[in-house]
Structures are given as C-alpha cells and as structure tokens.
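Structural characterization, general
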Amino acid sequence: MFWLILFALLLIMAVGGTIYLFTRFHRFSFMEKFGEKHKVLSWLACLIPFGGLACFAFINIYTVIVVVLHLMIFWLIADIIAAIVRKVSKKERRRNIEGAAAILFTAVYLAIGWHNAHDVRRTAYELHTDKPLPGGGIRIAAIADPHLGITLNGDDFAREMERIQAEKPDMLVIAGDYVDDDTCRADMVRSCEALGKLDMKYGIYFIFGNHDKGYYEGYRDFTADDLRQELKKNNVIILEDESVEISEGLTLIGRQDKSNEARAEMSALAKDMNAESFNFILDHQPNDYANEAESGADLVFSGHTHGGHIWPAGQIGLLLGANDRVYGTEKRGNTEFIVTSGISGWAIPFKTGTFSEYVIIDVKN
C-alpha cells in the first residue's frame, strides 16, 4: 500500500510538473515575441519540448516521471533564485536565463546519474575475525539487484562476471532481485549461463528478492520456477531459510525475502548457527538488524535499497523506517552489516544518490 501511495503521489506531482513546465516554456523571449502575433500557436509550440521528454517513454513511464520531476524541481528553484535576484537588483526580467539554466543543470545532473547507473564500480571491504577461517581468510564476491534488463542485459551481466572472476574470490553470493517483471527469458538464461562458467572454490549462492518471483503472473515470458531451474542447471545453490556449512569454520545462512509470509524468524534460523563458526547471513532487505545482531551473526549482506537510487529516496526510506540502512557498513554488537547499492537498479536508468557496484569482502584472521 505504501508504494502504491508513493507512486500515486509521484504521478500527481508529474502531472502538476508538466503543467508548470508548459507555462515556463512560454516565458522564453522568442516564444513571447511569437505569441504577440500568434497567441494560440505559441502555446501549441510549447508542446514541442514535451515530445523530447516523451522519448524517455521508450525506456518506461517511470523514467519519464523522473525526468519531468527533476526538471520541474530545478526550474522551480531557479525561478525562486531569479525572483530574489531581480528583487534585490530591482531589475525586470528580460531573458529566461533561469529556464535555460534549469534545462542545462537537469541535463548534466541526469547524465551523471545515467553514468552512475551504468558504470559498475568495485567496492572493497576488509573485515577481521578471531574465529578461525579456512586458510586464514576468505574472499567473498557479493552482488545484489541486477534487475536484468534496465542497465544490464544478459551479455552485460556476463562481462561483469568476468570482472568478478578476475578478482579470484572463493565464493560469490547474490542477494536477490536477480530479475524483474520486465526481464526477458533470453537475458535470464544468458546471465545464468555466465554464472555457470565461473570457477569458485566454495561455489555460488543465491537468495530470492522481492522481485524475483514476479508481481504479475504471466507478465514476463518465464516463471520463478524457470529461474530456479536455470540457476540450478548452472550450479548455483539456492538458499530459502536454509543454512549450509561452506567449510569448517564458515556457515552461510540464506533468508527468504521479507515479502514472503512464510519466512522464518531469525531466532529459528539461529538455532542452526555454530557459535564457533563465522556465521554469514544473506538477507535481501536490510530491515531486521536488531534480530540478526541478537542472533550472534558475524556478517549480514543485503541489497534492495539500491543505495537510495534517486536522491533523496533513501533518506526518506530511513525516516519512514522502511530500512535499517541504505548503504555501506554498520556494526551492531559483534555483527557487521553491509548494504550494497546494487550492480544495477529497478526500472529507472539513473542513480543520482549513489552508483552501481559489485562488492569484494575480504574476511581475515
């Protein structure tokens, strides 16, 4: 219900923003001069810029809304600043400099956001533990939120896996939202094949996110069971409220997503944890920190937040209590929490509050 209300508000704001921008486009001097002789045509001409904005619909409607909202907000800020400057300087408006500045700033801002979403960075963490680990340490490659189809297709994902393989990790973990409702079967299959080509000492482990099983039955050309079969075919181990002993001294617990009503409580999963082992939890959504810290886990890795994705969405989520953390590390008791911004993002091909990444975690004695 929260997300439906949020999207409804964004849609209302986008409609209001469209009306506001329509009036702003008419304030350019060449439009005002044209309007002196052709009033109706000048207003109709203000629809032309919306043709450019409408081109973003070829990506999806969410992208159009994001672009319109950013342009509206930046233009409104520019209008306020310009009004203050004119009042202080006691000069009348001659040119729509604020409008040109708003358009330019929006273009640059979202271009940077486009780059942040598509350019996958490497983020590394080094942790230390007193618990004995195999070989004195372990290198974990970790990703979340590929949401295949928005910034990564199957071939793109395969190239990122080659980068991860070059890191020589001992294992790879995938913390959910591997696919989306818009993901096509070809990309899903191609990406799973890429996982099958990886050489990991301790294997590849996967948990489901809130998008993996699909929100709309029959909307995409494969099912959650098809995804499950392709992952298993390529030697990926799926954990659903299950624990597995990776090696002596290292235990991995994979949780069902919070959206699954059958998900087990952390207290029940903790019964399978060996206090002498390094206990590593995969949990797609970072919002059960109190229980996970109480369980005595050593490390919890999550995704879901996309690092905030579009600023200030992440900060709003924190204020509303939707997540315990949006990005980075936090320590509670003896438990280290890591939240990744994701190797891609949901629906919107911009990241204005963060960037795309894969994560390398070196745990050492």
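Above this text you will find the structure in question.
The paragraphs below set out a description of the structure included in this document. Only a predicted model underlies this, so the values are computations on that prediction, with no experimental measurement involved.

**Considering the packing of helix H8 (residues 185-196) against helix H9 (residues 224-233)**
Viewed as axis vectors pointing N to C, H8 and H9 meet at an angle of 25 degrees, and their least axial separation amounts to 9 Å. Looking at the two axes, H8 sits roughly parallel to H9. Considering how the two elements wind past one another, H8 and H9 form a crossing that is right-handed. Contact with H8, carried on its side by Arg185, Met188, Val189, Cys192 and Leu195, involves Asp226, Leu227, Glu230 and Leu231 of H9 and no other residues of that element. For the contact of H8 with H9, the residue count by class is six nonpolar, no polar and three charged.

**Some words on the sheet that holds strand S11 (residues 335-339)**
Reading across from one edge, S6-S7-S8-S9-S11-S10 is the order of the six strands in this open sheet, with mixed pairing throughout. Of all strands in the sheet, those with a lone pairing partner are strand S6 (242-247) and strand S10 (328-332), marking the two edges. Within the sheet, the average angular offset between the axes of one strand and its neighbour, ignoring direction, is 20 degrees. Sheet topology places strand S8 (residues 278-282) next to strand S9 (residues 299-302); three bridges connect them, and they run parallel. Each residue of the ladder has a partner; that of Phe280, found in S9, is Leu299.

**Observations regarding unusual backbone geometry**
Apart from glycine, the bulk of residues carry a negative phi angle, and the bulk of peptide bonds sit in the trans form. Cis geometry is adopted by the peptide bond preceding Pro312, which originates at Trp311 and carries an omega value of 5 degrees. In this structure, Asp145 takes a positive phi of about 60 degrees despite not being glycine. Assignment of secondary structure puts Asp145 in the loop between strand S2 (137-143) and helix H7 (154-166). Positive phi values are uncommon outside glycine, yet Asp177 reaches one of about 50 degrees.

Parameters at a glance
- Residues numbered from 1 in each chain as written.
- Predicted model: local features only at pLDDT ≥ 70, side-chain atom pairs only at ≥ 80, totals over all residues.
- Heavy atoms only, no water.
- Axes fitted to C-alpha atoms, helices over the stretch in contact; angles between N-to-C directions.
- Helix = DSSP H or I, 4+ residues; strand = E, 2+ residues; numbered from the N terminus.
- Parallel < 35°, antiparallel > 145°, perpendicular 65-115°, else oblique.
- Left-handed = near helix turned anticlockwise from the far one by under 90°.
- Contact = heavy atoms within 4.5 Å.
- Nonpolar A, V, L, I, M, F, W, Y, C, P; charged D, E, K, R; others polar.
- Pairing = 2+ DSSP bridges.

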